[in-house]
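Geometric and topological summary
Here are the chains, one letter per residue:
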Amino acid sequence: MGVLRGFERRVSDAVEGLFARIFRSGVQPVELGKRLRREMADHKSVGVNRMYVPNVYAFELSPADRTRFRDYEGALATELATVAVETARENGWAMLGRARVEFETAEGLIEGRFRCTGRVEADESRPGGGDQAAAAAAPQAAGPLTAMLPGEIREPRIRAPASLTLISGPRSGTGFFPLDAAELVIGRASAAGVTLADPGISRTHARVVREGDDFVVEDLGSTNGTEVNGQLVKRRRLADGDRIRLGSSTLQFRREQ
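Before going further, it helps to spend a moment on the overall build of the protein. Assigned secondary structure in the protein consists of six helices and 16 strands. The burial tally for the protein puts 44% of its 257 residues in the buried class. Sequence-distant contacts in the protein: of pairs separated by 6 or more residues, those separated by 24 or more amount to 61%. Summed over its atoms, the accessible surface of the protein is roughly 13,300 Å², and 50% of this surface lies on carbon and sulfur atoms.

Shown next as structure tokens:
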């Protein structure tokens with residue numbers, strides 16, 4: 001469920017703190033994400049050497065729900081299209097074009113109910129893909145390109161070893177934590193993967209998650225916040241040498257190149 005957790009967090013950031021107020025009733029964005037993933041799984045088709053899924057998804061919403069987040073449709077469409085791409089990559093599915101999400105109003109739907117349908121639209125903007133003028137006039141895809149388009153061979157990414165090292169704070173110089181799992185939670189709780197006896201740190205303060213061959217640090221709603229290289233962050237992709245500060249403790253992210 002990591003794809004959906006990331007989706008919820010990105011949507012919350014996109015509406016700049018208004019998430020709870022805007023979506024407190026009616027359709028919730030995570031429900032749309034779940035339904036999109038189910039639509040993908042239910043409409044797979046077998047190709048010569050891979051499984052294909054739709055790349056365009058249309059959501060029909062009630063008038064009340066459509067009005068509720070009309071101002072945020074662009075951001076929501078982008079994030080839902082990203083969910084489609086991440087789900088395809090997660091399962092090794094292919095798309096015939098870029099992921100795109102559309103919203104429509106269905107007058108007969110009551111608040112909180114919605115419908116989702118998927119379809120395949122080949123990417124006409126790809127070389128040899130048809131009329132270029134028609135492609136330019138078509139609606140722009142909201143999501144990133146999937147790495148599993150026809151004719152492309154997906155090269156395995158090198159999963160370089162990475163780690164966190166405690167360089168200041170309690171137990172300074174004695175804490176080395178390899179990042180060899182999908183996620184590593186940092187906090188004062190004994191169940192955390194990185195347990196730090198620092199009174200300025202929350203019980204579950206932050207976590208580092210692996211996304212493909214990248215690592216991302218996410219603040220888990222801590223009291224004092226999480227900093228990367230002196231900047232307060234909610235979510236940040238890490239680079240070799242980055243310093244993560246929590247309370248009075250600093251962890252350095254390192255990875256082999």
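Turning to the confidence of the model for the protein, a few remarks are in order. Per-residue confidence for the protein gives a mean pLDDT of 78, with 72% of residues at or over 70. Within the model, pLDDT remains below 50 along residues 125-158, and this stretch shows 58 contacts once partners closer than five positions in the same chain are excluded.

Turning next to the environment of Thr223. By the element assignment, Thr223 lies in the loop between strand 11 (214-219) and strand 12 (226-228). You can call Thr223 exposed: its relative accessible area is 70%. Distance from Thr223 to Ile201, taken between C-alpha atoms, is 7.7 Å for residues 22 residues apart in sequence.

Turning our eyes to something else, we now look at the pairing of strand 8 (residues 183-187). The buried count for strand 8 comes to four of five residues, which makes it a mostly enclosed element. By the bridge criterion, four bridges tie strand 8 to strand 10 (residues 206-211) in an arrangement that is antiparallel. The residue bridging Ile186 from the neighbouring strand is Ala206, located in strand 10. Here two bridges tie strand 8 to strand 9 (residues 194-195), and the two strands are oriented parallel to one another.

Turning our eyes to something else, we now look at the nonpolar core. General note: in soluble globular proteins, nonpolar side chains tend to be found buried as a group. One finds Leu32, Leu36, Met40, Val101 and Phe103 to be the most contacted residues of the largest nonpolar core, which totals 24 residues. Examining the composition of this core, we find that eight residues originate from one element, helix 5 (residues 73-91), more than from any other. When neighbours within four sequence positions are excluded, Met40 is seen to be in contact with Val53, Tyr57, Ala84, Thr87, Ala88, Trp93 and Met95. In terms of nonpolar packing, the next biggest core, distinct from the first, is built from 21 residues, Leu164, Ala206, Ile244 and Phe253 among them.

Quick look at the pattern of salt bridges now. Per the counting criterion, the structure on display carries 14 salt bridges. Of the charged contacts in the structure, one is a salt bridge between Glu102 and Arg100, with a shortest N-O distance of 2.9 Å. Accessibility classification places Glu102 together with Arg100 in one group, the buried group. A salt bridge links Arg119 to Glu102; its shortest N-O distance comes to 2.9 Å. Residue Arg119 is found in strand 5 (residues 114-119), and its partner Glu102 is found in strand 4 (residues 100-105); the two are separated by 17 residues along the sequence. Judged by its relative accessible area of 33%, Arg119 is partly exposed. A network of salt bridges, in which partner residues are shared, links Arg100, Glu102, Arg119 and Glu121.

This brings us to the sheet that holds strand 11. Paired through backbone hydrogen bonds, the strands of a sheet run either parallel or antiparallel to each other. The five strands are arranged 9-8-10-11-14 in an open sheet whose pairing can be described as mixed. Edge strands, defined here as strands with exactly one partner in the open sheet, are strand 9 and strand 14 (235-237).

If you check helix 3 (residues 29-42), its first and last C-alpha atoms are 20 Å apart, about what 14 residues at 1.5 Å a residue would give, namely 20 Å. For helix 3, the full list of buried residues reads Pro29, Val30, Leu32, Gly33, Arg35, Leu36, Arg37, Glu39 and Met40.

Reading guide: rules and limits
Residues numbered from 1 in each chain as written. Predicted model: local features only at pLDDT ≥ 70, side-chain atom pairs only at ≥ 80, totals over all residues. Heavy atoms only, no water. Helix = DSSP H or I, 4+ residues; strand = E, 2+ residues; numbered from the N terminus. Buried < 20%, exposed > 50% of the residue type's maximum accessible area, 1.4 Å probe, protein only. Contact = heavy atoms within 4.5 Å. Areas by Shrake-Rupley, 256 points an atom, 1.4 Å probe, with all protein chains shown as cover. pLDDT = per-residue confidence, 0-100. Pairing = 2+ DSSP bridges. Core = buried A, V, L, I, M, F, W, Y, C linked by side-chain atoms within 4.5 Å. Salt bridge = Lys/Arg side-chain N within 4 Å of Asp/Glu carboxyl O. Expected span 1.5 Å × (residues − 1).

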